[in-house]
Structures are given as structure tokens and as C-alpha cells.
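# Structure at a glance
This is what each chain is made of:
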Amino acid sequence: MKLYNNIPRKVLVVIDMQNDFIDGALGTKEAQAIVGNVNKKIMEYKKSGNGIIFTRDTHGRNYLNTAEGRKLAVEHCIKGSHGWQITSEIDTSEAVIIDKPSFGSLELADTISNLPNVVSIELVGLCTDICVISNAMILKARFPEIPILVDSSCCAGVTPESHDNALKAMAMCQIDII
């Protein structure tokens, strides 16, 4: 990621735009429908020289034996698999990619804290009601004075209802929904 030390910058966080969440093991038509919007948002950030960070849900072959796997018994995002890969429809060039073993990522917050002059953090991606909300809440707690935004047209939840509920919950926590 390009760093311009004294230039105020916006950071786009693209959450888990992986094959398994789009059209694989946990895919939905709503997830498929946002891919174009997400790519357009990425291009806007690239054109303006702002930062982009991707997260990638990452599990091992023992996923079903983990705490998460016992509650969600669907193998997905197994490291190295096709489903783990970020969709080829999304441009990941010049971006930082963080592999995360859980819904939220403290490493994401640490990475952003090392960037100079961050003026806003915007989140897009999957799933609104699990990983987007988890990361938005972590970032809001870590950076209470930096605006945290979520573009609802670039997110999809497990269901449309849970997507809407997550957006409402984030708005109640002073995360700006656009």
C-alpha cells in the first residue's frame, strides 16, 4: 500500500470477498449482487490514492473441530482452497491482505493504527451481520474519533433481514451507514 506520510487519507477495508461467501459453500444471491459495487468502490479509492486493506476469512483443515466449526458445521474458506481465494472479479493489486481466523481482526486495527493521517475508515463486504459488524465494532472501539463508515450497497448479510439488523445495530453505535 502506498503511504504518503503527511497527506490525510481514507482507508477502505474490504471484508471477506471470497468465493465461498459469494457463490461457494456459504454463497448467496445477495453476495453475488454486490461484487460490481465493491469493485467500483475499490477503483474509486485507487484513483484517489487512498489505502485499501482486504481481509480473508482463513480456516484450517480442522475447521469442524474448532469452536466456530462446531456451531457452523459448513467447511468454508479453508486456506489454499478455491473458496478461500478472494474472487477474481475483485482487483486486489497494491492492497494489503490480512488473513483472519475469526470474525473480527485485531490485526486489522493494528495495521490501520500504523498508517499516518487516517481521516476515515470505510468497510464493505461480507457478511454484514457477522464479519463486517465485528470489524466495524473493533475499529470504532480502537479509533473513537475517526469516522467509521459502512456502505450498505457494498455489503450483504446471511439473509436480507440480518443484513438490515446489523446495519441498525452499527448505526446505534455511531457507525455511519451510507
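Up top is the structure these notes are about.
A brief report on the enclosed structure follows.

The rules we used
- Residues numbered from 1 in each chain as written.
- Predicted model: local features only at pLDDT ≥ 70, side-chain atom pairs only at ≥ 80, totals over all residues.
- Heavy atoms only, no water.
- Core = buried A, V, L, I, M, F, W, Y, C linked by side-chain atoms within 4.5 Å.
- Buried < 20%, exposed > 50% of the residue type's maximum accessible area, 1.4 Å probe, protein only.
- Helix = DSSP H or I, 4+ residues; strand = E, 2+ residues; numbered from the N terminus.
- Contact = heavy atoms within 4.5 Å.
- Arc of directions from axis to C-beta.
- Polar contact = N/O pair within 3.5 Å; in protein donor to acceptor, adjacent residues only side chain to side chain.
- Phe/Tyr/Trp six-rings, centres within 6.5 Å; stacked < 30°, edge-to-face > 60°.
- Lys NZ or Arg CZ within 6 Å of the ring centre and 35° of its normal.
- Pairing = 2+ DSSP bridges.
- 1 Å grid on protein atoms, 1.4 Å probe; cavity = no way out; pocket = protein on both sides within 12 Å on 5 of 7 lines; lining within 4 Å.
- Points joined across faces, edges and corners; volume = space filled by probe spheres on them.
- Nonpolar A, V, L, I, M, F, W, Y, C, P; charged D, E, K, R; others polar.
- Salt bridge = Lys/Arg side-chain N within 4 Å of Asp/Glu carboxyl O.
- Axes fitted to C-alpha atoms, helices over the stretch in contact; angles between N-to-C directions.
- Parallel < 35°, antiparallel > 145°, perpendicular 65-115°, else oblique.
- Left-handed = near helix turned anticlockwise from the far one by under 90°.

Time to look at the nonpolar core. In terms of nonpolar packing, the biggest core is built from 26 residues, with Val13, Ile112, Ile121, Leu123, Leu139, Val150 and Met170 touching the most fellow members. Elements supplying a minimum of two residues to this core: strand 1 (9–15), helix 4 (106–113), strand 4 (118–126), helix 5 (128–142), strand 5 (148–156) and helix 6 (160–172). Among the elements that line this core, the one with the most residues is helix 5, at five residues. Not counting the four nearest positions on each side in its chain, valine 150 is found in contact with Leu123, Val132, Ala136, Cys155, Leu167, Met170, Ile175, Asp176, Ile177 and Ile178. With 23 residues, the next largest nonpolar core counts Ile22, Trp84, Ile86 and Ala156 among its residues.

When helix 4 is considered as a whole, its buried residues turn out to be Leu108, Ala109 and Ile112. The buried residues of helix 4 occupy an angular sector of 100 degrees when projected down its axis, which confines them to one face. For helix 4, the secondary structure elements touched by its buried residues are strand 1, strand 2 (51–57), strand 3 (96–100), strand 4 and helix 5. Two to three positions downstream of the cap, the backbone nitrogen of glutamate 107 sits 3.3 Å from a side-chain oxygen, assigning the N-cap of helix 4 to serine 105.

This brings us to the environment of serine 102. For serine 102, the location among the structural elements is in the loop between strand 3 and helix 4. When its relative accessible area of 34% is taken as the criterion, serine 102 is described as partly exposed. Spatially, the C-alpha atoms of serine 102 and cysteine 131 are 8.3 Å apart, while their sequence positions differ by 29 residues.

All right, on to the packing of aromatic side chains then. The tally for this structure, following the rule as stated, stands at zero aromatic pairs. We note arginine 56 situated over the ring of tryptophan 84; from NZ or CZ to the ring centre the distance is 3.9 Å.

This next bit is on the pairing of strand 4. Burial of strand 4 is extensive: eight of the nine residues sit out of reach of the surface. Where strand 1 meets strand 4, seven bridges bridge the pair, whose relative direction is parallel. The residue of strand 4 that forms the bridge with lysine 10 is serine 120. For strand 4 and strand 5, the ladder comprises five bridges, and the chain directions are parallel.

If you add up the space inside the largest pocket, you get close to 260 Å³. Taken together, 17 residues make up the lining of the largest pocket; nearest its centre are Phe21, Leu26, Leu72, Ile130 and Val158. Looking at the lining of the largest pocket, the elements with two or more residues in it are helix 3 (67–71) and helix 5. Split by residue class, the lining of the largest pocket holds eleven nonpolar, three polar and three charged.

Here the focus is the sheet that holds strand 4. Strands sit in the order 3-2-1-4-5-6 across an open sheet of six strands; the sheet is parallel. One side of each edge strand has no neighbouring strand; the edge strands of this open sheet are strand 3 and strand 6 (176–177).

Right, let's get into the pattern of salt bridges. Inspection of every chain in the model, using the stated rule, returns seven salt bridges. In this structure, arginine 56 engages aspartate 99 in a salt bridge whose closest nitrogen and oxygen atoms are separated by 2.6 Å. A residue pair is termed long-range when its members are at least 10 positions apart, and arginine 56 in strand 2 and aspartate 99 in strand 3 qualify at 43 residues. The class for aspartate 99 is partly exposed, based on a relative accessible area of 27%.

In this section: the packing of helix 5 against helix 6. Where helix 5 contacts helix 6, the axes come no closer than 9 Å and their chain directions differ by 15 degrees. As far as their axial angle goes, helix 6 and helix 5 are roughly parallel. The two elements helix 5 and helix 6 cross, and the hand of that crossing is right-handed. Within the contact between the two elements, helix 5 uses Thr128, Asp129, Val132, Ile133, Ala136 and Met137 and helix 6 uses Ser162, His163, Ala166, Leu167, Ala169 and Met170. Across the contact of helix 5 with helix 6, the residue classes break down as eight nonpolar, three polar and one charged.

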